[in-house]
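# Descriptive analysis of the structure
Residues per chain are reported as follows:
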Amino acid sequence: MPALFLYEPRMLLRTVVTSLVEGNDSAIQSFPVLPHLTENVCSSTAENKIMLVGLGGAGAAFPDLLRFIRSVKTFKVKTLVWVPDEYPWLQKLLSTIYAGRIILEENLGSALLPALNELSGLKTISYRSSNATKRPRRMTQTELEILLQFASGLSSREMADNRKCSYKTIFSWKHNICEALNIETNAQWLEMLTEIVQLSSMYQAGQSYGSL
């Protein structure tokens, strides 16, 4: 039986997910605040860990949540994420930062347990490409950070100055990000940044959900 860790700041969805999982005879630890999730996931000694994440309610914690999802592969943690259906670029982004399963928020009631059962049956998730199945290019931690800095409003010049690197290096990272996300036009790039900004701006009082 895997150790399950739930991050969902919204009380209603947190209750729904908890009821579904416990109704499936599985125990789950619930964390409405991100630092509590990160601390418990990283300190757990369980061999089989699955993180369940409601991305839409993260609010100001959204960038840090993306960073954490990208980093937990180091701890061999599997991740199941649900996202609002009107954010297609976010779904692509999640697939490049090692999210194991991605489902739509509107399908949470019907899709959660099948996705969780499938994920539970996997001993490990292989992120390496094979000749038989070509996997999408994965985004590095640095590339994710560059993307988040673009979304925060920093320019390429400002990032180059902050990182003590050349403008061409920032441009190269941006090129790699676009390649990983299959972004082909400036309009698509702006759509990607807009989705990040929107989700970071929603539920700005999201941290107070921990008291609900």
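Our subject in this report is the structure included herewith.

## Side note on the nonpolar core
Leu55, Leu66, Leu90, Leu93, Leu94 and Leu147 are the most contacted members of the largest nonpolar core, which totals 48 residues. Ranked by residue count, the leading element in this core is helix α6 (residues 141-151), at six residues. When residues no more than four places from it in sequence are discounted, the contact partners of Leu66 are Leu55, Leu90, Leu93, Leu94, Ile97, Leu144 and Leu148. In this structure, Leu13, Val21, Ile50 and Leu52 belong to the second largest nonpolar core, which totals 18 residues.

## Remarks on the pairing of strand β1 (residues 3-7)
Counted residue by residue, β1 has five buried out of five residues, so it is predominantly covered. Neither face of β1 is left uncovered, since the one carrying Ala3, Phe5 and Tyr7 and the one carrying Leu4 and Leu6 both have all their residues buried. Of the strand pairs in this sheet, β1 and strand β3 (residues 49-54) are connected by five bridges, and their pairing is parallel. Considered in β3, the bridge of Tyr7 is made with Val53. Of the strand pairs in this sheet, β1 and strand β2 (residues 28-31) are connected by four bridges, and their pairing is parallel. In the strand pairing of β2, Tyr7 is matched with Phe31. A crossover connection joins β1 to the parallel β2 through helix α1 (residues 11-23); in handedness this β-α-β unit is right-handed.

Rules and cut-offs
Residues numbered from 1 in each chain as written. Predicted model: local features only at pLDDT ≥ 70, side-chain atom pairs only at ≥ 80, totals over all residues. Heavy atoms only, no water. Core = buried A, V, L, I, M, F, W, Y, C linked by side-chain atoms within 4.5 Å. Buried < 20%, exposed > 50% of the residue type's maximum accessible area, 1.4 Å probe, protein only. Helix = DSSP H or I, 4+ residues; strand = E, 2+ residues; numbered from the N terminus. Contact = heavy atoms within 4.5 Å. Pairing = 2+ DSSP bridges. Right-handed = clockwise from strand over helix to strand, strands pointing away.

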